[in-house]
Amino acid sequence: MSKSSRLKILHAGGIAIVSTPSMEYMARVAYDELKNIVKKKSIDFHVVKYQKFSRGEVLPQIQGNVRLKNIYLFYDFNGDAGHDAMVLQLTIAALQDAGAASITLVMPFMPFLRQDRKDRSRVPISAKVFIQGYERFEKVERTITLDMHADQIQAAFDKRSDHLPGHVVFVPWILEHFGDRLQDVVIVGPDAGSEHRVDSMAEIVGCSRAFLTKKRSGATVEMHEIHGANVQGKVCIINDDIMDTSGTITKAALALTSAGALEVILTGTHPVFGGNAYENLQGSGLRVVTTDSLKTVPHDWKEVLPLGRYMAHAVLQNNIENGSVSHIITQGLPK
């Protein structure tokens, strides 16, 4: 794009990308992408410096002037979720006190969202408590996130939110690797709750879909029926939102292999990788494809799809005339 044809940011004060240190790579990719599209003077980049004290307390300091800027805070949850949730609020307070015009939180992965309902007595709806904790700040206007655990969690937001689907990064990967034999590909959901996500992805890719039902017995998951397309002789690409201990998704792979699948590939948006996840995945012998919504340990069996450009275009659509995040969701990222 030529300099003369670059888009104009609507907000007179411009925007600033502000990032936690461990999100700096993703945020800089987004920043560089935006610099090529909008006037350079409309956008700044700053990293937050966190001073840690002996008792575990944290003091954030923004490393640059953010006064009257629309802030896009790239924030991660790579550490203890409770600690990170508190530090998030401190970081927002620092930005707000520094005179930010508005704050949009870019959090590809958000913790606590699996506790989205009161399913037993005397427990909190953790998702709502977490979201309300940061939405109470006056300058927070929007949240940008990716593949929340369930669509209904959007009801917990009082302020605007962009819930981006993971298929925008997974579909191009599938087409690149299997575009010449899509008739042999089946997109598979590891449980009934993934049916909507898998249906959408399979429709965009142009291939068959299936999903598995599962039965829990305490902490144990027993896979049983496969619904949808016949998987015999097919390349099955399992897609999940969160890969935690990865017990469910590896059991799903075993069920597909037992049903005659030619190859099984595990894909998941958020690599939480808790407990024995690395051992489970490495021991499965399967290829794993995920994103950089969380940091992971490099392995030759794992491929990481970057989210920087995706986040950049979500930011862009919120800052240009007639912008629409839905355009990215339906049309994908520009080439």
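Caption draft 1: Structural context of the overall build of the chain. Along the chain, the regular secondary structure elements total nine helices and 14 strands. On C-alpha atoms alone, the chain measures out to a radius of gyration of 21 Å, which is about the 20 Å that the 2.2 N^0.38 rule sets for 335 residues. Seen along its three principal axes, the alpha-carbon backbone of the chain occupies a region of about 60 × 55 × 35 Å. Residue burial in the chain is summarised as follows: out of 335 residues, 51% are buried. When the 37 positive and 36 negative side-chain charges of the chain are each reduced to one mean point, those points stand 6 Å apart.

Caption draft 2: Highlighting the packing of aromatic side chains. Inspection of the entire model under this criterion finds eight aromatic pairs. Both rings, one in Tyr 31 and one in Phe 45, keep their centres 5.4 Å apart while their planes meet at 40°; by these two values the pair is tilted. In this pair, Tyr 31 sits in helix α1 (residues 24-35) while Phe 45 sits in strand β2 (residues 43-52), placing the two residues 14 residues apart along the sequence. Judged by centre distance (5.6 Å) and plane angle (70°), the ring pair of Phe 130 and Tyr 134 falls under edge-to-face. Taken together, the residues Phe 130 and Tyr 134, both in helix α3 (residues 126-135) and four residues apart, mark about one turn of the helix. Here Phe 130 matches Tyr 134 in class, with each residue buried. Counting every residue linked through ring pairs, the aromatic cluster contains Tyr 75, Phe 77, Phe 112, Phe 130 and Tyr 134.

Caption draft 3: Fine view of the layout of surface pockets. Within this model, the second largest pocket holds a volume of roughly 450 Å³. Taken together, 22 residues make up the lining of the second largest pocket; nearest its centre are Val 168, Val 169, Pro 172, Gly 332 and Leu 333. Elements with a contribution of two residues or more to the lining of the second largest pocket: α4 (167-178), α8 (308-317) and α9 (325-331). Counting residues per element, the lining of the second largest pocket draws most heavily on α4, which supplies six residues.

Caption draft 4: Expanded view of the side chain of Ser 246. Along the polypeptide, Ser 246 turns up in the loop between β11 (235-243) and α6 (247-258). Residue classification places Ser 246 among the buried positions, given a relative accessible area of 5%. If near-sequence neighbours (up to four positions away) are discounted, Ser 246 is found in contact with Phe 273, Ala 277 and Leu 281.

Caption draft 5: Structural context of the pattern of salt bridges. Counting across every chain of the model gives 13 salt bridges. Note that Lys 69 and Asp 44 form a salt bridge whose closest N and O atoms lie 3.1 Å from each other. Residue Lys 69 is found in the loop between β3 (58-62) and β4 (70-74), and its partner Asp 44 is found in strand β2; the two are separated by 25 residues along the sequence. Judged by relative accessible area, Asp 44 falls into the partly exposed class, the value being 23%. Salt-bridge contacts for Glu 195 lead to Arg 209; the nearest nitrogen and oxygen are separated by 3.9 Å. Within this pair, whereas Glu 195 is found in helix α5 (residues 195-205), its partner Arg 209 is found in strand β9 (residues 208-217), the two being separated by 14 residues in sequence. We classify Arg 209 as partly exposed; its relative accessible area is 27%. Connected through shared salt-bridge partners, Glu 195, Asp 199 and Arg 209 make up one network.

Caption draft 6: Main features of empty space enclosed by the protein. Taken as a whole, this structure holds one cavity of 30 Å³ or more when the rule is applied. Put simply, the largest cavity is a space of about 50 Å³. Phe 109, Met 110, Leu 113, Thr 145, Leu 146, Asp 147, Met 148, His 149, Ile 242 and His 270 together form the lining of the largest cavity. Taken together, the residues of the lining of the largest cavity sort by class into six nonpolar, three polar and one charged.

Basis of the calculations
Residues numbered from 1 in each chain as written. Predicted model: local features only at pLDDT ≥ 70, side-chain atom pairs only at ≥ 80, totals over all residues. Heavy atoms only, no water. Helix = DSSP H or I, 4+ residues; strand = E, 2+ residues; numbered from the N terminus. Rg over C-alpha atoms; globule rule 2.2 N^0.38 Å. Buried < 20%, exposed > 50% of the residue type's maximum accessible area, 1.4 Å probe, protein only. Lys, Arg positive; Asp, Glu negative; His and termini not counted. Charge placed at Lys NZ, Arg CZ, Asp CG, Glu CD. Phe/Tyr/Trp six-rings, centres within 6.5 Å; stacked < 30°, edge-to-face > 60°. 1 Å grid on protein atoms, 1.4 Å probe; cavity = no way out; pocket = protein on both sides within 12 Å on 5 of 7 lines; lining within 4 Å. Points joined across faces, edges and corners; volume = space filled by probe spheres on them. Contact = heavy atoms within 4.5 Å. Salt bridge = Lys/Arg side-chain N within 4 Å of Asp/Glu carboxyl O. Nonpolar A, V, L, I, M, F, W, Y, C, P; charged D, E, K, R; others polar.

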